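Notes for the structure review
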Amino acid sequence: MVKVLFVCLGNICRSPMAEAIFRDLVKKEGLEENFVIDSAGTGNWHVGKPPHRGTQEILQKHAIDFSGIRARQISEEDLRTFDYIIAMDMENLGNLRRLAGYNKVGFIGRLLDFVLDSDLTDVPDPYYTGNFEEVYELIQKGCRHLLETIKKEKGL
Ligand code: 4NP
């Protein structure tokens, strides 16, 4: 079982979008049985809330299911439990590394680092930019590359 956790700041815009998109890709490839997929925020302001309206609208537009997704804050246990902990930007990555300290944890990296030809390395925060379309395209691309990498690494 491969466990993948997407992480952003609030867990209402980018990481729930990544969770829903990655689930959709995995389902379309018939690999659901092989994965546990989740998301969390480094902050706790929105715990219990469904995804932001902008994230809901873009996922609905592309017929991607996001039912049941609610915001939660990352725990130290998550860092030990998940194999791939995927940050949306450098700030999230720094916070995750600080939380991990010297403990043995899963792989921690940024989503767009899996896209070798990407101009951007951080997924911009649509909570501030309002540009959910751009974020959707970046996350789609990142998730496709991430899934290809995991399939190769895990022989799926
Ligand atoms: P996210 O966006 O990290 O992509 O979920 C944000 C959501 C909420 C806040 C910041 C970013 N906030 O400050 O409440």
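An account of the accompanying structure is given in this report. These numbers come from a predicted model, not from an experiment. (Residues numbered from 1 in each chain as written. Predicted model: local features only at pLDDT ≥ 70, side-chain atom pairs only at ≥ 80, totals over all residues. Heavy atoms only, no water.)

**Concerning the nonpolar core**
Soluble globular proteins tend to pack their nonpolar side chains together in the buried interior. As a reminder, the rule being used: Note on terminology: a nonpolar core comprises buried Ala, Val, Leu, Ile, Met, Phe, Trp, Tyr and Cys residues joined through side-chain atoms within 4.5 Å. Any residue under 20% of the maximum accessible area for its type is buried, any over 50% is exposed, and the rest in between are partly exposed; the area is computed with a 1.4 Å probe on protein chains only. Counting from the N terminus, the helices are DSSP H or I runs at least four residues long and the strands are E runs at least two residues long.
Of all hydrophobic cores here, the largest spans 39 residues; its most connected members are Val-4, Phe-6, Phe-22, Phe-35 and Ile-139. Only strand 1 (2-8), helix 1 (14-28), strand 2 (35-41), helix 2 (53-61), strand 3 (84-87) and helix 6 (132-154) provide two or more residues apiece to this core. Membership of the second largest hydrophobic core comes to 12 residues, among which are Val-7, Ala-40, Ile-74 and Ile-108.

**So, the side chain of Arg-110**
The line we're drawing: Pairs of N or O atoms are called polar contacts if they sit within 3.5 Å, as long as, within protein, a hydrogen donor faces a hydrogen acceptor (for residues adjacent in sequence, only side-chain-to-side-chain pairs). A contact between two residues is defined here by any heavy atoms of the two lying within 4.5 Å.
The topology assignment puts Arg-110 in strand 4 (residues 107-110). Among the polar contacts made by the side chain of Arg-110, one reaches the side chain of Thr-121 at a distance of 3.5 Å. A polar side-chain atom of Arg-110 sits 2.9 Å from a polar atom in the side chain of Asp-122. The contacts of Arg-110, once residues within four sequence positions are left out, are Ile-86, Ala-87, Asp-89, Met-90, Leu-93, Thr-121 and Asp-122.

**Considering the site of the ligand**
The cut-off we apply is this: For this description, a residue counts as near a given molecule or strand if any of its non-hydrogen atoms is within 4 Å of it. Residue classes follow a fixed rule: Ala, Val, Leu, Ile, Met, Phe, Trp, Tyr, Cys and Pro count as nonpolar, while Asp, Glu, Lys and Arg count as charged, and any other residue, Gly among them, counts as polar.
Close contacts around the ligand come from Cys-8, Leu-9, Gly-10, Asn-11, Ile-12, Cys-13, Arg-14, His-46, Asp-125, Tyr-127 and Tyr-128, and that covers them all. Here Tyr-127 contributes a side-chain N or O atom positioned 3.5 Å from an oxygen atom of the ligand. Within the side chain of Tyr-128, one N or O atom sits 3.3 Å away from an oxygen atom of the ligand. Of the residues in the shell around the ligand, the class split is 6 nonpolar, 3 polar and 2 charged.

**So, the pattern of salt bridges**
Our working definition: When a carboxyl oxygen of Asp or Glu is within 4 Å of a side-chain nitrogen of Lys or Arg, the pair counts as a salt bridge.
Scanning the model with the defined rule gives 13 salt bridges in all. One salt-bridge network, in which partners are shared between bridges, spans Arg-14, Asp-89 and Asp-125.

**Describing helix 2**
As a reminder, the rule being used: What the arc measures is the spread of directions leading from the helix axis to the C-beta atoms.
Listing the buried residues of helix 2 in full gives Gly-54, Thr-55, Ile-58 and Leu-59. Take helix 2 and look down its axis: the buried residues cluster within an arc of 130 degrees, on one side only. Residues of helix 2 that are exposed and point more than 90 degrees away from the buried face comprise Arg-53, Gln-60 and Lys-61. The positive-phi residue at the C-terminal boundary of helix 2 is Ala-63, with phi of around 55 degrees.

**A word on the sheet that holds strand 2**
Our working rule: Strand pairing is assigned whenever DSSP identifies at least 2 bridges connecting the two strands. Think of each axis as a best-fit line through the C-alpha atoms, taken over the contacting stretch in the case of a helix, with angles from 0 to 180 degrees between the N-to-C directions.
The 4 strands are arranged 2-1-3-4 in an open sheet whose pairing can be described as parallel. Both edges of this open sheet fall to strand 2 and strand 4, since each of them pairs with a single strand only. This sheet shows a mean twist of 20 degrees between the axes of neighbouring strands, independent of strand direction. In terms of strand pairing, strand 1 meets strand 2 through 7 bridges, oriented parallel. Paired with Lys-3 across the two strands is Val-36, which belongs to strand 2. In the packing of helix 4 (residues 90-100) onto the sheet, contacts are made with strand 1, strand 3 and strand 4, and the angle to strand 4 comes to roughly 165 degrees. Most of the contacts of helix 6 go to strand 1, to which it runs at about 150 degrees, and overall it touches strand 1, strand 2 and strand 3.

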